[in-house]
Number of protein chains: 2
Amino acid sequence: MTIDARGDTLTSQVMATIRQRIANRSLLAGAKLPSIRALARNLSVSNSTVVEAYERLVAEGLILSRPGSGFYVASQTAPLSLSEIGPKRDRAIDPLWVSRQSLDAADSDLKPGCGWMPPDWLPEESLRRALRTLSRADGASLTDYGTPLGLAPLRQLIGRRLADKGVEVSPQQILLTESGTQSIDLLCRFLVEPGDVVLVDDPCYFNFQALLRAHRVTIVSVPYTPTGPDIDLFAKVCAERRHRLYITNSAIHNPTGATLSPVVAHRLLKLADQFALTIIEDDIFADFETTAAPRLAAFDGLERVIQIGSFSKTLSASARCGFIAARPDWIDGLVDLKIATTFGGGRLNAELTLSVLRDGSYRKHLDGLRQRLSRAMVKVGGRLRNIGIVPWLEPQAGMFLWCKLPDGIDSSDVAKAALAHHVVLAPGNAFSVAQSAGSYMRFNVSQSLDDRVFQVLTAAIREAAER
Amino acid sequence: MTIDARGDTLTSQVMATIRQRIANRSLLAGAKLPSIRALARNLSVSNSTVVEAYERLVAEGLILSRPGSGFYVASQTAPLSLSEIGPKRDRAIDPLWVSRQSLDAADSDLKPGCGWMPPDWLPEESLRRALRTLSRADGASLTDYGTPLGLAPLRQLIGRRLADKGVEVSPQQILLTESGTQSIDLLCRFLVEPGDVVLVDDPCYFNFQALLRAHRVTIVSVPYTPTGPDIDLFAKVCAERRHRLYITNSAIHNPTGATLSPVVAHRLLKLADQFALTIIEDDIFADFETTAAPRLAAFDGLERVIQIGSFSKTLSASARCGFIAARPDWIDGLVDLKIATTFGGGRLNAELTLSVLRDGSYRKHLDGLRQRLSRAMVKVGGRLRNIGIVPWLEPQAGMFLWCKLPDGIDSSDVAKAALAHHVVLAPGNAFSVAQSAGSYMRFNVSQSLDDRVFQVLTAAIREAAER
């Protein structure tokens, strides 16, 4: 069908009329549009002009055609609601619930469910020194944008730290970001398209789910065992469907505290090769380790594996700084995306992070921190067992205990009851794509040393048992 | 067609076989797959099982069906390349070119094309004081995540600043972000879907284009006049097609330095109502203003208009902090997205920004800055005219001069020639979706005071004229 210049203008006018009626709500979502004949008569145009206008509006998605019935107004595009993507859930076990409750908590609230440590567990004095040092830095450090890759000496230092863990990487393969979360977000922008399928662990860090929803991908999970993902199931899932990406923590797994074994790591990488799967290894808990666990990035040499990390957990979550270590041919595309979406961000935080990492006391801080966490782990583990809450495993390190509640108790009920007493807990299903962790709960031992945590927990469990 | 459990398993096995052959490259992109009959015989399954498997792989996008010819391996999903989205362009006028050259420039390079001021034009001393003050702050300020909305006293202060410009907004409607760029990025995540159509000005800030490409939307531009967008064309474009969003600067337009007139602002808002268009008003140059220009957000009362801003241009681009002011019912969805994609980011930078803004000297800094810019504008404008480069208009304020080069000179050629002499320029077409600004160039007057800028420019123009 060819349309001359005048026909094209008339079509545009008809389209504009319909658009306007929809915009000013004289035609509501779901309403039937006038018949072709009626509208043609009404606007003094030919039937074929209306047909063409309707077809183009259908192509734009503004109206729908129901063959044999007519044309209808499509539902308006509403803003994206993360809580409406994916299966409907109780708000208390929505992946964003724990984040929001933890971030919004008052100073006096207790937060055994949150994912970070109290201020006095972090290197406050080093940070104060770093701020004073920075107050004497050159003007550009204080006022200018960061470079596309980010502060060179910090990238060199991160490169040496990765080499210590067996990951050989040049500073040109390291891209600084504003946080670990932003690292994964940038990689998702780079690697996935809406509708792609992404693999995660069950359970996994709840914000992986929230972040992946924002990328409009399908999330598939594989159960996590004490030595890594259930590798037979992992193989089966890969064979069934094409997955673009797998996101995991290998050294200290969140929330379980499990450690990937070399055998599972090796099989995982073979499957990644076989099914052209890219893996994001989130190594954000690296500095908590007491003995080095295998890293996928070290085995793989950054071919299929991308490692990300940050300093939010051991240095500061106020002055955040993260990084991506990836194969050299991906860096340029990642830099373009970083500039497009953040421009040259994060310079001051990178300067601060470098200053603290160079400060001789940071290593001492980490030594002390590991011991303190290890003592808290024993103490909190014991107190939890006393009230019938049993750790799934004894983690080698880190701050998390993934625990089974007494039989028949729903962790979501317990979390809701505890919140009324200003205690923020982390119910299991917030971590579970398959919603299979209703009787589990994650405890952050550094935030669970107050007696009130156990008083409120005991009462909340009693309350949940009576429901 | 119904498939029993065993049939389904066989189908999955056939699919896994094909997936594996593609993954291990025994079937390359574009290769023809075995015929249905041949594969069925080979794998000892029925023809209908292979048909089902191929159909599902087509649905997944892994293979393609060419009717009458057979099935072919689809091209592998490659990582997103921003430079490959949208029309192909010379790298020198790619929207990301100016950003990368400016951010990557050596300290000794001259950057008349960049979008920010030299360090000594920014409030260095206030920043040093703020860093020292922060070194004595409470532990949580130094180590903890930010709250979901961001630092309350800073949101209150931003609310008062907006009220001064006629935008009435409660602190609960203000969301802190890590930068102005991140504000727009978050809003795009919230408001647009891949394939939506977004309106920008021609010319417009080049990073709007790069950012919108990352969101996989179609970008449409309307010419900008000295008083705002060409409003008749704007109306025509809206009538022709459904646009989801319009992104613009209203007070001091980047790159032109133009100021929106009240008449155009009013017509623009009427069109936005008529065509259900949301507007992002990027007010990042607000603090440069000498006399207050009309704000869309003020006229509209934040119904259809969202205002964003930041302090990267007047306070620091190293300690960045931005904000979004939007209608109350959108804040919750934006907070969810902010947590999902950044977690509680930017606390330290928000503390620093607050400290500088509260410092009595900031207002004095701005007064001095405006005078200094105004003097530079006169001086640089005069020197440019001397070599035949003529400003499109005399901006009321700000740092940019949008200039026409001598007839027949291509600004992209000039930019390339100047780069060889370590001078980063901003060629017009980097700002133009329609590629209509080849003879224009943006100058940042604060970065154009060195004699060498004009020597290199003169030589580069001569060189371009001889091509």
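It should be emphasised that the depicted structure is a prediction, and the values quoted were computed from it without experimental measurement.

Here is what the cut-offs are and how they apply
- Residues numbered from 1 in each chain as written.
- Chains lettered and ligands numbered in written order.
- Predicted model: local features only at pLDDT ≥ 70, side-chain atom pairs only at ≥ 80, totals over all residues.
- Heavy atoms only, no water.
- Contact = heavy atoms within 4.5 Å.
- Salt bridge = Lys/Arg side-chain N within 4 Å of Asp/Glu carboxyl O.
- Polar contact = N/O pair within 3.5 Å; in protein donor to acceptor, adjacent residues only side chain to side chain.
- Nonpolar A, V, L, I, M, F, W, Y, C, P; charged D, E, K, R; others polar.
- Helix = DSSP H or I, 4+ residues; strand = E, 2+ residues; numbered from the N terminus.
- Buried < 20%, exposed > 50% of the residue type's maximum accessible area, 1.4 Å probe, protein only.
- Domains from an automatic or database assignment.
- Buried area = accessible area lost by both parts, 1.4 Å probe.
- Pairing = 2+ DSSP bridges.
- Axes fitted to C-alpha atoms, helices over the stretch in contact; angles between N-to-C directions.
- Parallel < 35°, antiparallel > 145°, perpendicular 65-115°, else oblique.
- Left-handed = near helix turned anticlockwise from the far one by under 90°.

Draft legend 1. Summary view of the interface of chain B and chain A. Listed per partner, the contact involves 96 residues of chain B and 96 residues of chain A. Between the two partners, chain B and chain A, sit six salt bridges. Residue Arg100 of chain B pairs with Asp336 of chain A through a salt bridge whose shortest N-O separation is 2.8 Å. Inspection of the region where chain B meets chain A yields 38 residue pairs in polar contact (both at pLDDT 80 or more). Residues of the side of chain B that touches chain A, tallied by class, amount to 42 nonpolar, 27 polar and 27 charged.

Draft legend 2. How the structure looks around the pattern of salt bridges. Scanning the entire structure with this criterion turns up 40 salt bridges over all chains. A salt bridge links Arg100 of chain A to Asp332 of chain B; the shortest N-O distance between them is 3.0 Å. Taken as a pair, Arg100 of chain A in helix α4 (residues 95-104) and Asp332 of chain B in helix α13 (residues 328-342) lie in two separate chains rather than in one. On the accessibility criterion, Arg100 of chain A (14% relative accessible area) is buried. Asp332 of chain B sits in the partly exposed class, given a relative accessible area of 46%. Linked through salt bridges whose partners overlap, the residues forming this network are Asp185 and Arg189 of chain A together with Asp185 and Arg189 of chain B.

Draft legend 3. Structural view of the domain arrangement of chain A. All names here are of chain A. Taken domain by domain, chain A consists of domain 1 (5-73), domain 2 (83-119 + 362-466) and domain 3 (123-359). Domain 2 and domain 3 are separated by 24 Å when their C-alpha centres are compared. Every contact between the two is made by 34 residues of domain 2 and, on the other side, 37 residues of domain 3. For the domain 2 and domain 3 pair, buried surface summed over both sides reaches about 3,100 Å², with 61% attributable to carbon and sulfur atoms. Three residues, Tyr362, Phe431 and Val433, lead the burial of domain 2 against domain 3; their summed loss comes to 23% of the area buried on that side. For the pair domain 2 and domain 3, the number of links is zero salt bridges. The interface formed by domain 2 and domain 3 contains 12 residue pairs in polar contact (both at pLDDT 80 or more). Of all elements in the fold, only α4, α15 (361-386) and β12 (400-404) reach the threshold of two or more residues within the side of domain 2 that touches domain 3. At six residues, the largest contribution of residues to the side of domain 2 that touches domain 3 is made by α15. For the side of domain 2 that touches domain 3, the per-class residue count stands at 22 nonpolar, eight polar and four charged.

Draft legend 4. Examining the sheet that holds strand β9 (residues 305-310) of chain B more closely. All names here are of chain B. An order of β3-β10-β9-β8-β7-β4-β5-β6 is seen for the eight strands of this open sheet, with the pairing classed as mixed. Unpaired on one side and paired on the other, β3 (174-177) and β6 (228-229) mark the two borders of the sheet. As judged from the three bridges shared by strand β4 (residues 197-202) and strand β7 (residues 245-248), these two strands associate in the parallel manner. In the sheet register, Val198 faces β7, and the bridge partner there is Leu245. The strands touched by helix α7 (residues 152-164) are β3, β9 and β10 (322-325); relative to β3, the strand with the most contacts, the crossing angle is about 115°.

Draft legend 5. Region of the structure containing the packing of helix α2 (residues 36-43) of chain B against helix α3 (residues 47-60) of chain B. All names here are of chain B. As a packed pair, α2 and α3 sit with axes 8 Å apart at the nearest point and diverge in direction by 115°. When the interaxial angle is binned, α2 and α3 end up roughly perpendicular. Here the hand of the crossing between α2 and α3 comes out right-handed. The residues of α3 that touch α2, namely those facing Ile36, Arg37, Leu39 and Ala40, are Asn47, Val50, Val51 and Tyr54. Its residues assigned to classes, the contact of α2 with α3 comprises six nonpolar, one polar and one charged.

Draft legend 6. Spatial organisation of unusual backbone geometry. Pro203 of chain A follows Asp202 of chain A through a cis peptide bond whose omega is 0°. Mapped onto the elements of the fold, Pro203 of chain A is located in the loop between β4 (197-202) and α9 (206-214). Its identity as a non-glycine residue notwithstanding, Arg216 of chain A has a phi of 60°, on the positive side. Relative to the helices and strands, Arg216 of chain A is located in the loop between α9 and β5 (218-225). A relative accessible area of 24% places Arg216 of chain A in the partly exposed class. Phi at Ser44 of chain B is positive, roughly 55°, even though this residue is not glycine.

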